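Okay, here's what each chain looks like letter by letter:
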Amino acid sequence: MRKHRAVFQGGRGEIVEKKSRFIAHVQAVETVEEAQEFIEAVKKKYWDARHNCSAFSVGEQNPLTRCSDDGEPGGTAGKPILEVIQGSGICNIAIVVTRYFGGTLLGTGGLVRAYTEAAKAGLEESVIIEKIPGIRMTLAAEYTDLGKIQYILAQNQIIVEKTDYTDTVEMQALFPEEEKEYLMKELTEGTGGRIKMTEGEKVYYGTAEGEVIVF
């Protein structure tokens, strides 16, 4: 598990270049099969378009990538779309750019620019999230230590999912995986060793439009 950017909600962007329409659709995909299904679905929807060019990247480490010019001159469509994906740092994503020909040839450079800008427009209309590898931690303590615990968590921008108040206080918090040891040390020292911490499941989490999302 590693921190990476991902598509939380796909989007649709469009540009017009010399009367040619370039319509980009973006979607999150987890497998090559999902990417191919998405590409075919867009092609079916825009069956009357001259070109449906595409690119995708699947995997978080050493991703598998593919691209298609779908009839455009070699290297003028699929590759620019793929370069936008790679430049964005987003994992597990597919982009299809549909072109309706406007009657004017754009030339090699014009096509590269148009497909690049269309892919960027699609990303701009999507909701992108940073997925952070984390661990669900259960923290149990006496009320006398609550203020110190809350201070340490707030200082480190730790997300607290829920808090139960009974004869003691029990919190469920999301620790970034890479900060777990440091946070446990801080909490132990801050409470004089009185806090009890239990490690739970490993998850990805992030925020989208102000809401905490756990994957």
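Before reading on, note that the structure itself is shown above.
Below is a short write-up of the structure. Being a predicted model, the structure only gives us computed values, none of them experimental.

### A look at the packing of helix α2 (residues 78-88) against helix α3 (residues 107-124)
Packing of α2 against α3 brings their axes to within 8 Å, and their N-to-C directions diverge by 45 degrees. One finds that α2 runs oblique with respect to α3. In terms of crossing hand, the pair formed by α2 and α3 is right-handed. Judged by residue contacts, P80, I81, V84 and S88 of α2 engage V112, Y115, T116, A119, K120 and L123 from α3. Residues of the contact of α2 with α3, tallied by class, amount to seven nonpolar, two polar and one charged.

### Describing the pairing of strand β12 (residues 211-214)
Both faces of the sheet carry side chains from a regular strand, because those side chains alternate between them. Inspection of the sheet shows strand β11 (residues 196-208) paired to β12 by four bridges, in the antiparallel sense. Paired with T207 across the strands is V212, a residue of β12. Two successive antiparallel strands, β11 and β12, enclose a turn made up of two residues, where E209 displays a positive phi of approximately 55 degrees.

### Regarding the nonpolar core
Counting 24 residues, the largest nonpolar core has F22, I81, I93, I95, V97, Y115 and L123 as the members making the most contacts within it. Considering each element in turn, this core owes the most residues, seven residues, to α3. In terms of nonpolar packing, the next biggest core, distinct from the first, is built from 16 residues, V169, M171, F175 and L183 among them.

### Quick look at the pattern of salt bridges
Under the criterion given, the structure shown has twelve salt bridges. Residue E14 is joined to R21 by a salt bridge in which the shortest nitrogen-to-oxygen separation is 2.7 Å. With relative accessibility at 33%, the residue E14 sits in the partly exposed group. One salt bridge connects E201 with R136, and the closest N-O pair in it is separated by 2.6 Å. In this pair, E201 sits in strand β11 while R136 sits in strand β8 (residues 127-141), placing the two residues 65 residues apart along the sequence. The exposure class of E201 is partly exposed, given its relative accessible area of 46%. Members of the salt-bridge network, linked through shared partners, are R12, E14 and R21.

### A word on the pairing of strand β7 (residues 93-100)
The element β7 is largely enclosed, with a buried count of eight among its eight residues. Pairing of strand β3 (residues 20-28) with β7 involves eight bridges; the strand directions are antiparallel. Considered in β7, the bridge of H25 is made with V96. In this sheet, β7 lies alongside strand β4 (residues 51-58) in antiparallel orientation, the contact comprising seven bridges. Note on β7: the bridge partner recorded for S54 is V96.

### Focus on helix α1 (residues 32-45)
For α1, spanning 14 residues, the distance from its first C-alpha to its last is 20 Å, which sits close to the expected 20 Å at 1.5 Å a residue. Taken as a whole, α1 has its buried residues at V32, A35, F38, I39 and V42. Within α1, the buried residues cover an arc of 125 degrees as seen down the axis, which keeps them to one side. Counted as exposed and oriented over 90 degrees from the buried face of α1: E37, K44 and K45. Turning to α1, the residues buried within the fold contact β3, β4, β5 (64-68) and β7.

Scoring rules and cut-offs
- Once a new chain begins, its residue numbering starts again from 1 and follows that chain's sequence as written.
- This being a predicted model, a pLDDT of at least 70 is required before a residue's local features are given, and a value of 80 or more before pairs of side-chain atoms are given or counted; all residues contribute to the totals for chains, interfaces and linings.
- Hydrogens and water are ignored here; the side-chain numbers use all heavy atoms of the structure.
- Axis angles are defined between N-to-C directions and span 0 to 180 degrees, where every axis is a line fitted to C-alpha atoms and, for a helix, only to the segment in contact.
- Only DSSP runs of H or I reaching four residues or more are called helices, and only runs of E reaching two or more are called strands; each is numbered from the N terminus.
- Here is the rule for angles: anything less than 35 degrees is roughly parallel, anything more than 145 is roughly antiparallel, 65 through 115 is roughly perpendicular, and the remaining ranges are oblique.
- Take the far helix as the reference: if the near one is turned anticlockwise from it by less than a right angle, the crossing is left-handed, and if turned clockwise, right-handed.
- Contact criterion: two residues are considered in contact whenever any of their non-hydrogen atoms come within 4.5 Å of each other.
- When residue character is reported, Ala, Val, Leu, Ile, Met, Phe, Trp, Tyr, Cys and Pro are called nonpolar, Asp, Glu, Lys and Arg charged, and the others, Gly included, polar.
- For two strands to count as paired, DSSP must find a minimum of two bridges between them.
- Side-chain atoms within 4.5 Å are what join buried Ala, Val, Leu, Ile, Met, Phe, Trp, Tyr and Cys residues into a set we call a nonpolar core.
- Using a 1.4 Å probe on the protein chains alone, a residue whose accessible area is under 20% of its type maximum counts as buried, one over 50% counts as exposed, and one in between counts as partly exposed.
- Counted as salt bridges are all cases of a side-chain nitrogen of Lys or Arg within 4 Å of a carboxyl oxygen of Asp or Glu.
- Multiplying one less than the number of residues by 1.5 Å gives the expected span of a helix.
- Here the arc refers to the directions that run from the helix axis out to each C-beta atom.

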